[in-house]
Amino acid sequence: MLQLSFVNFKPNSYLIVEGNTVNDRFYIIQKGNVTCFHEYSIPGIENKELGPGDFVGVIPSMSGHSQIENVIAKTDVVAIMVKKEQYPDLIVKNTPIAMKIIRSFTREMRILNGELSKLTVNSVGDESSEQLFSVAEYYFKNEMYDIAAYGYYQYLKACPQGANLEEAKKKFLALRKRAHPVYLEETEDMIREYPVGTMIFSDCQFGGDMFIIQEGSVKICKVIDGSEITFSILKKGDMFGEMALLENKPRSASAIAHSPCKLMVVNRKNFEQMVATQPQMISRLTIMLADRLWSMYRQLANTQLHDLLTRMTDMLALQVEKQHIAILKGQPYSTNLTAVDLMNLCSISPFEQPKASLALEKNRNIKMVSGKIVIKDLQELIKQADFYKKQEKKREGLAGNGVL
């Protein structure tokens with residue numbers, strides 16, 4: 001039986017403290033107002049005031065990570081405290097609350113995806129259906145013909161009067177004999193199989209299906225200004241495509257079979273049934289979205305750090321924290337990142353990379369083995385990242401007061 005607790009907060013008291021590792025609960029505001037803010041500014045995210053019906057602390061609670069914002073009571077506040085283990089029961093008893101949380105996650109993800117794209121290549125790309133042609137052209141030029149054929153077909157379907165109609169038609173017809181795109185049209189198949197290097201859906205394509213990976217892996221990426229930006233490589237058990245299903249908007253990125261994969265398809269009708277009958281699946285979806293959002297918040301916050309070593313150390317700490325591994329003193333950790341990979345994750349420009357490389361070499365807690373970064377002591381890394389960020393914050397404060 002679901003038994004929830006009511007908690008009272010006085011004005012100016014904290015409901016949540018950024019960075020706190022107490023993350024086994026979240027709050028639904030019943031009465032009063034709270035203010036949410038971040039220690040470091042995050043592009044696209046502003047301080048906000050929330051009130052009755054709103055919720056705070058869900059992302060850290062469901063992802064199992066540290067708190068990503070401060071939440072302070074602006075007035076007397078009464079809140080319902082929900083423990084993470086109570087969430088599946090909450091879904092059964094109050095499905096609209098769960099759907100409100102999931103839909104808020106998808107809205108935030110679109111915002112954060114756009115900000116990450118801007119910071120990576122200084123552009124968010126074309127958001128219209130004409131982008132389908134640009135996607136197809138990119139893969140055609142890179143001789144990835146299965147993906148290109150899929151892109152041209154979807155462009156012809158979405159833009160029957162498009163500016164690039166004749167060119168797309170000519171190239172699609174030319175590719176028909178040597179390309180083998182799959183599932184050009186949606187089907188009722190609950191299970192689909194995709195060979196490696198085939199497109200599941202394209203950026204800016206309309207569609208209402210969500211996918212659950214049964215076997216293999218899937219690359220989530222986006223073509224912007226002639227470059228492919230990879231957001232993540234998903235594996236067995238992961239879900240994707242939920243944003244288009246929940247918001248009825250075009251896809252915000254492309255999905256490509258990174259290896260031969262078998263996918264379970266969830267359409268809108270199936271999803272509604274799943275919400276009503278499978279709370280554990282909705283719980284999994286919430287956890288997955290929360291984990292992605294937590295990582296995106298942390299990555300965007302990282303871009304606001306000015307010192308190169310601080311930024312790189314914080315990014316390494318982020319990669320470790322994402323793994324949910326125990327952090328012990330003296331414990332080494334081998335990454336799959338080269339120094340250049342790390343600097344690219346931190347959006348460090350090629351002009352600054354030589355300087356950043358020298359700074360990284362001076363960190364005695366880091367060594368290179370076969371070209372990959374190895375951390376000698378995980379606990380020391382986390383302490384370093386925290387110390388460097390506090391020092392930078394202190395320097396900014398002194399500069400703001402005219403001391404520096």
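Data block above holds the structure.
Bear in mind that the values here come from a model prediction, so they are computed numbers and not experimental data.

This part is about the sheet that holds strand 13 (residues 227–234). In sheet architecture, strand pairing relies on hydrogen bonds along the backbone and comes in two forms, parallel and antiparallel. With antiparallel pairing, 4 strands are arranged side by side in an open sheet as 10-15-12-13. The open sheet is flanked by strand 10 (199–201) and strand 13, the only strands paired with a single partner. When the angles between neighbouring strand axes are averaged without regard to direction, this sheet yields 35°. On the sheet, helix 4 (residues 131–141) packs against strand 10, strand 12 (218–224), strand 13 and strand 15 (254–257) and is oriented at approximately 110° with respect to strand 12.

The sheet contact formed by strand 18 (residues 366–369) and strand 19 (residues 372–375) spans 4 bridges and is antiparallel. Paired with Lys367 across the strands is Val374, a residue of strand 19. With antiparallel pairing between neighbouring strands as the criterion, strand 18 and strand 19 make up a hairpin whose turn holds 2 residues, including Ser370 at a positive phi of roughly 55°.

For the rest of this paragraph, the subject is the environment of Ile28. Examined against the element boundaries, Ile28 turns out to sit in strand 3 (residues 25–31). Given a relative accessible area of 6%, Ile28 falls into the buried group. Along the backbone, Ile28 and Ala317 are 289 residues apart, and their C-alpha atoms lie at a distance of 30 Å. Setting aside its immediate chain neighbours within four residues, Ile28 contacts Gly53, Asp54, Phe55, Val78, Ala79, Ile80, Val82 and Ile97.

What follows is about unusual backbone geometry. Phi at Cys204 is positive, roughly 75°, even though this residue is not glycine. In this fold, Cys204 is placed in the loop between strand 10 and strand 11 (210–215). With phi around 55°, Ser370 is a residue other than glycine that occupies positive phi space. In this structure, Ser370 sits in the loop between strand 18 and strand 19.

Before going further, it helps to spend a moment on helix 6 (residues 165–175). Looking at helix 6, one finds that the buried residues are Leu165, Ala168, Lys171, Phe172 and Leu175. Seen along its axis, helix 6 keeps its buried residues to an arc of 140°; they face one direction. Residues of helix 6 that are exposed and point over 90 degrees away from its buried face: Glu166, Lys170 and Ala174. Against helix 4 and helix 5 (145–158) lie the buried residues of helix 6.

Take the sheet that holds strand 5 (residues 48–50) next. Strand order in the open sheet formed by 4 strands is 2-7-4-5, and the pairing between neighbours is antiparallel. For this open sheet the edge positions go to strand 2 (14–16) and strand 5, each flanked by a neighbour on one side alone. Direction aside, neighbouring strands of the sheet carry axes that sit 30° apart on average. Note: strand 2 against strand 7 (residues 70–73), 2 bridges, orientation antiparallel. Of the residues in strand 7, the one forming a bridge with Ile16 is Val71.

It is worth spelling out the pattern of salt bridges at this point. In the structure shown here, the tally under the stated rule is 16 salt bridges. With a closest N to O distance of 3.2 Å, Lys222 and Asp203 form a salt bridge. On the criterion of sequence distance, the pair formed by Lys222 in strand 12 and Asp203 in the loop between strand 10 and strand 11 is long-range, its members being 19 residues apart. Each member of the pair, Lys222 together with Asp203, is buried. Residue Asp314 pairs with Lys389 through a salt bridge whose shortest N-O separation is 3.2 Å.

What follows concerns helix 4. Most of helix 4 is tucked away: 8 of the 11 residues are buried. Where helix 4 is concerned, the buried positions are Gln131, Leu132, Phe133, Val135, Ala136, Glu137, Tyr138 and Tyr139. Just past helix 4, the residue Glu143 takes up positive phi, approximately 60°.

A complete count under the given rule lists 13 aromatic pairs for this structure. Note on Tyr138 and Tyr139: the rings are 4.9 Å apart at their centroids and 85° apart in plane angle, and the pair reads as edge-to-face. For the pair Tyr138 and Tyr139, a shared accessibility class is recorded, and that class is buried. Among the aromatic residues, those joined into a cluster by ring pairs are Phe133, Phe140, Tyr145, Tyr152 and Tyr155. The ring of Phe201 has Arg251 lying over it, and the distance from NZ or CZ to the ring centre is 4.0 Å.

Of the volumes computed, that of the second largest pocket is approximately 870 Å³. Gly19, Ser66, Arg298, Glu321 and Lys389 are, among the 31 residues lining the second largest pocket, the residues nearest its centre. The set of elements that each furnish at least two residues to the lining of the second largest pocket consists of helix 9 (279–303), helix 10 (308–322) and helix 13 (378–400). Considering each element in turn, the lining of the second largest pocket owes the most residues, 6 residues, to helix 13. Split into classes, the residues belonging to the lining of the second largest pocket amount to 12 nonpolar, 10 polar and 9 charged.

Rules and cut-offs
Residues numbered from 1 in each chain as written. Predicted model: local features only at pLDDT ≥ 70, side-chain atom pairs only at ≥ 80, totals over all residues. Heavy atoms only, no water. Pairing = 2+ DSSP bridges. Helix = DSSP H or I, 4+ residues; strand = E, 2+ residues; numbered from the N terminus. Axes fitted to C-alpha atoms, helices over the stretch in contact; angles between N-to-C directions. Contact = heavy atoms within 4.5 Å. Buried < 20%, exposed > 50% of the residue type's maximum accessible area, 1.4 Å probe, protein only. Arc of directions from axis to C-beta. Salt bridge = Lys/Arg side-chain N within 4 Å of Asp/Glu carboxyl O. Phe/Tyr/Trp six-rings, centres within 6.5 Å; stacked < 30°, edge-to-face > 60°. Lys NZ or Arg CZ within 6 Å of the ring centre and 35° of its normal. 1 Å grid on protein atoms, 1.4 Å probe; cavity = no way out; pocket = protein on both sides within 12 Å on 5 of 7 lines; lining within 4 Å. Points joined across faces, edges and corners; volume = space filled by probe spheres on them. Nonpolar A, V, L, I, M, F, W, Y, C, P; charged D, E, K, R; others polar.

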